[in-house]
Amino acid sequence: MKNSTSDNPRKKLTDKEKEVLAHDLFERYRLGKTTEEENKIIESLEVDFIPEKDFELTDELINEMDLDTKVFIFKHAGIDLDNPTHRAKKRELSLTIIASIASIALLVIGIFLFYKPQYHQTKNIEKQHVTTDAIKNITLADGSEIILNSGTTLRETSREVWLEEGEVFFNVKPNNSQPFIVHLRDGLTVKVVGTSFTIQSYAELSFQEVSVLSGNVNVSTPENKSLELAANQQATYYAAKKELTRESINSVQKAAWRTGTIVLESASADELSLRIRQLYGKEVVFENQSGSMSINMTLDRSTAINEIADEIAALYDLTYRIADDKIVFQSTNATEIP
């Protein structure tokens, strides 16, 4: 029969190993990478394991601390490391803030690592995705799939996304107990359970669009206006006007940019410029143009840029020249373009 003491995993760890485990715990806690279970353990120290006693923060004690742990402790104790008075002055701190390595190691090793070895869930960690000149496919932490158009910046945690700039197609994995939420600029919010939809949110355009391919989507504004969208419906939000509208659209066409095709309907010159830059890497300049544009045409990456320029020039009575990095259109009569 084996001795119960020798079977205790805590006895198999050296003091150095305990110190390493404890430091790793606090470093992950400082970076916000600990699990919910680990957070509960750390936050319960004062109540369940730490006696009511104050410690004096002496120079000797400071020198024993690792730099990262020091920064963490000072931050929560309100000590400014750049302040000479704070550096020299001894402070009274609770043992919870000091969080001695020995106590933490025992707690983590004895309670978390060995008494609950089956627990491996990690805290949702925020990730950022940026695309420059290419379309990118990504699988999110919850299993949802998204496609980012070029010029897109997006941050994500599980079931929550912040679209800072760009255009994204979402195919959201259903989860009735936890909605999927997309945060856009100007306080616009999109909430779904499981569906597929496209969001267009470019800072250089005056509007944002949410187009639904399948399922149902809720779009809400900071003014507490909201719309429920079904398949082949689109919500458009103008922040300057605080205006949220709904209309019927062809959602397949709206998502066609995934394959290099963009269908423009009543598009402005700014949107045309954006799309040509995405597809061809060229800036568009309009000279001697006195009116607004309402453009209806299809752009395709496989079509030569001079053919696209020919079509635009013919539609709006323009001439053009193509330089290395730009296309310059010029009005022949400087009258308003319908």
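Residues numbered from 1 in each chain as written. Predicted model: local features only at pLDDT ≥ 70, side-chain atom pairs only at ≥ 80, totals over all residues. Heavy atoms only, no water.

A. A look at the pairing of strand E5 (residues 145-148). Examined bridge by bridge, strand E4 (residues 136-139) and E5 share four bridges and lie antiparallel to one another. Pairing of Asn137 across the sheet is with Ile147, part of E5. Hairpin geometry of E4 and E5 is characterised by an intervening segment of five residues between the two adjacent antiparallel strands and by a positive phi of about 95 degrees at Gly143. Sheet topology places E5 next to strand E7 (residues 160-171); four bridges connect them, and they run antiparallel. Bridge assignment links Leu148 to a residue of E7, and that residue is Val168. (Pairing = 2+ DSSP bridges. Helix = DSSP H or I, 4+ residues; strand = E, 2+ residues; numbered from the N terminus.)

B. Main features of unusual backbone geometry. Positive phi, normally seen in glycine, also occurs at Lys242, with a value near 55 degrees. The exposure class assigned to Lys242 is partly exposed, which follows from its relative accessible area of 43%. The residue Asp317 is not glycine, and still its phi comes out positive at about 55 degrees. (Buried < 20%, exposed > 50% of the residue type's maximum accessible area, 1.4 Å probe, protein only.)

C. Spatial organisation of the environment of Leu227. Looking at the secondary structure, you find Leu227 in strand E13 (residues 226-229). Under the relative-accessibility criterion, Leu227 is labelled buried at 14%. Through-space distance from the C-alpha of Leu227 to that of Thr245 is 8.2 Å; in sequence the pair is 18 residues apart. If we skip the residues at most four places from it in the chain, Leu227 touches Val217, Asn218, Val219, Ala235, Leu244, Thr245 and Arg246. (Contact = heavy atoms within 4.5 Å.)

D. Inspection of helix H12 (residues 305-316) at higher detail. End to end, H12 covers 17 Å across twelve residues, agreeing with the expected 16 Å (1.5 Å per residue, within 8%). Along H12, the residues classified as buried are Ile305, Ile308, Ala309, Ile312, Ala313 and Tyr316. Seen from one end, H12 has its buried residues packed into an arc of 130 degrees, which puts them on one side. Next to the buried residues of H12 lie helix H11 (269-280), strand E18 (295-300), strand E19 (318-322) and strand E20 (326-331). (Expected span 1.5 Å × (residues − 1). Arc of directions from axis to C-beta.)

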